[in-house]
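Each chain, letter by letter, is given below.
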Amino acid sequence: DEKLRSKTAALSVVGIGLTDLGVDLDQDSSDNPDAIEDKEKEVKEWLEDAREELIAMNDEKYPLGKLQHLKAAHKAIVDTLSHFHPSSSADEIMPMLIYTLITSRPEGINVISNLYFIQRFRNESKIDGEAAYCLTNLEAAITFLETVDLSSLRADEALSGPAKPNSRPSTPRSEKPDQMILGVT
């Protein structure tokens with residue numbers, strides 16, 4: 001959980017947004033940076049219920065309670081998507097979940113522990129289609145956040161700063177062939 005909190009906080013600091021995650025909520029404002037920023041602020045406000053539900057998972061002492069909060073977080077994400085982009089599909093749910101995790105207060109989130117708790121203690125036969133879908137999305141979002149590289153999210157931006165030196169020292173080339181290789185003694 002601590003590593004994930006650190007990663008999401010870092011992504012939040014550098015300003016990873018919905019467009020970086022492949023979510024385009026308003027095609028009309030895609031070329032206006034101020035409009036995009038305003039839309040993201042509005043979406044972030046709408047996702048507050050989802051963030052609260054993810055944090056509320058911590059308070060539950062049994063897997064069903066944690067799962068109910070996860071399902072409620074998913075519902076809040078779907079409601080946000082349907083408000084801002086009525087023609088959205090299930091493909092936007094996971095990026096929105098990732099964005100929700102990035103914009104959450106790092107100190108309040110223990111999603112990995114909560115996911116493992118549900119997986120270990122919830123009877124598999126009791127995890128129906130919707131719950132299984134929510135768990136799969138959470139697991140995929142966590143995996144994405146654990147493995148994402150900022151340069152892959154912002155591949156279109158030019159690298160700045162001094163050139164990175166080669167970390168391998170170069171081996172000097174000898175002018176004469178090695179006598180041992182040639183078999184000469």
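Cut-off values and rules
Residues numbered from 1 in each chain as written. Predicted model: local features only at pLDDT ≥ 70, side-chain atom pairs only at ≥ 80, totals over all residues. Heavy atoms only, no water. Axes fitted to C-alpha atoms, helices over the stretch in contact; angles between N-to-C directions. Helix = DSSP H or I, 4+ residues; strand = E, 2+ residues; numbered from the N terminus. Parallel < 35°, antiparallel > 145°, perpendicular 65-115°, else oblique. Contact = heavy atoms within 4.5 Å. Patch = residues over 30% accessible without salt bridge, like charges linked within 9 Å, V, L, I, M, F, W, Y side chains within 5 Å. Areas by Shrake-Rupley, 256 points an atom, 1.4 Å probe, with all protein chains shown as cover. Salt bridge = Lys/Arg side-chain N within 4 Å of Asp/Glu carboxyl O. Lys, Arg positive; Asp, Glu negative; His and termini not counted. Charge placed at Lys NZ, Arg CZ, Asp CG, Glu CD. Buried < 20%, exposed > 50% of the residue type's maximum accessible area, 1.4 Å probe, protein only. Phe/Tyr/Trp six-rings, centres within 6.5 Å; stacked < 30°, edge-to-face > 60°. Lys NZ or Arg CZ within 6 Å of the ring centre and 35° of its normal. Expected span 1.5 Å × (residues − 1). Arc of directions from axis to C-beta. pLDDT = per-residue confidence, 0-100. Left-handed = near helix turned anticlockwise from the far one by under 90°. Nonpolar A, V, L, I, M, F, W, Y, C, P; charged D, E, K, R; others polar.

Running from N to C, helix α2 (residues 33–46) and helix α3 (residues 48–56) cross one another at 40 degrees; their axes reach a closest spacing of 4 Å. It follows from the interaxial angle that α2 and α3 lie oblique. Across from Lys-44, Glu-45 and Trp-46 in α2, the residues of α3 making contact are Glu-48, Asp-49 and Arg-51.

Moving on, we get to a negative patch on the surface. Taken together, the side chains of Asp-34, Asp-38, Glu-42 and Glu-45 define an acidic patch exposed on the protein surface. Position of Glu-42 relative to the elements: it lies in helix α2.

Structurally, His-74 is set in helix α4 (residues 63–84). Using a relative accessible area of 5% as the deciding quantity, one classes His-74 as buried.

So, about the packing of aromatic side chains. Scanning the entire structure with this criterion turns up two aromatic pairs. Between Trp-46 and Phe-84 the ring centres are 5.7 Å apart and the planes differ by 80 degrees, which places this aromatic pair in the edge-to-face class. Note that Trp-46 is positioned in helix α2 and Phe-84 in helix α4, a separation of 38 residues in sequence. Seen in terms of ring centroids, Phe-117 and Phe-121 are 5.0 Å apart; in terms of plane orientation they differ by 50 degrees. Their pairing is tilted. In this pair, Phe-117 and Phe-121 are both assigned in helix α6 (residues 111–121), four residues apart and thus about one turn of the helix distant. Residue classification places Phe-121 among the exposed residues on the basis of a relative accessible area of 55%. When the ring centre of Phe-117 is taken as origin, the NZ or CZ atom of Lys-66, which lies over that ring, is 5.2 Å away.

Okay, the environment of Leu-25 next. With respect to the helices, strands and loops of the structure, Leu-25 is situated in the loop between α1 (2–13) and α2. The residues touching Leu-25, leaving out its near neighbours within four places in the chain, are Leu-18, Lys-39, Val-43, Leu-81, Phe-84 and His-85.

This next bit is on helix α7 (residues 129–147). Every α-helix carries 3.6 residues per turn, so stepping three or four residues along brings you back to the same face. Spanning 19 residues, α7 covers 27 Å between terminal C-alpha atoms, matching the ideal 27 Å at 1.5 Å per step. Along α7, the positions that sit buried rather than exposed are Ala-131, Cys-134, Leu-135, Asn-137, Leu-138, Ala-141, Ile-142 and Leu-145. Along the axis of α7, the buried residues cluster in a sector spanning 160 degrees; they form a single face. Away from the buried face of α7 by more than 90 degrees, exposed residues Gly-129, Thr-136 and Thr-147 are located. Each element contacted by the buried residues of α7 is listed here: α1, α4, α5 (93–102) and α6.

Summing up the model confidence of the protein chain, the mean pLDDT is 84 and the portion of residues at 70 or higher is 79%. The least confident element of the protein chain is helix α9 (residues 179–182), whose mean pLDDT is 52; the most confident is α3, at 97.

Moving on, we come to the packing of α5 against α7. α7 packs onto α5 with a crossing angle of 60 degrees between their chain directions and a minimal axis gap of 9 Å. Comparing the axis directions of α5 and α7 gives the class oblique. The handedness of the crossing between α5 and α7 comes out as right-handed. Contacts from Ile-93, Met-94, Leu-97, Ile-98, Leu-101 and Ile-102 in α5 reach Tyr-133, Asn-137, Leu-138, Ala-140, Ala-141, Phe-144 and Leu-145 in α7. Split by residue class, the contact of α5 with α7 holds 12 nonpolar, one polar and no charged.

Here we come to the pattern of salt bridges. Across all of its chains, the model carries six salt bridges by this definition. Here Asp-79 ties to Lys-75 by a salt bridge, and the two come within 3.0 Å at their closest N and O atoms. Here Asp-79 pairs with Lys-75, and both are found in helix α4, just four residues apart, close to one helical turn. The exposure class of Asp-79 is partly exposed, given its relative accessible area of 32%.

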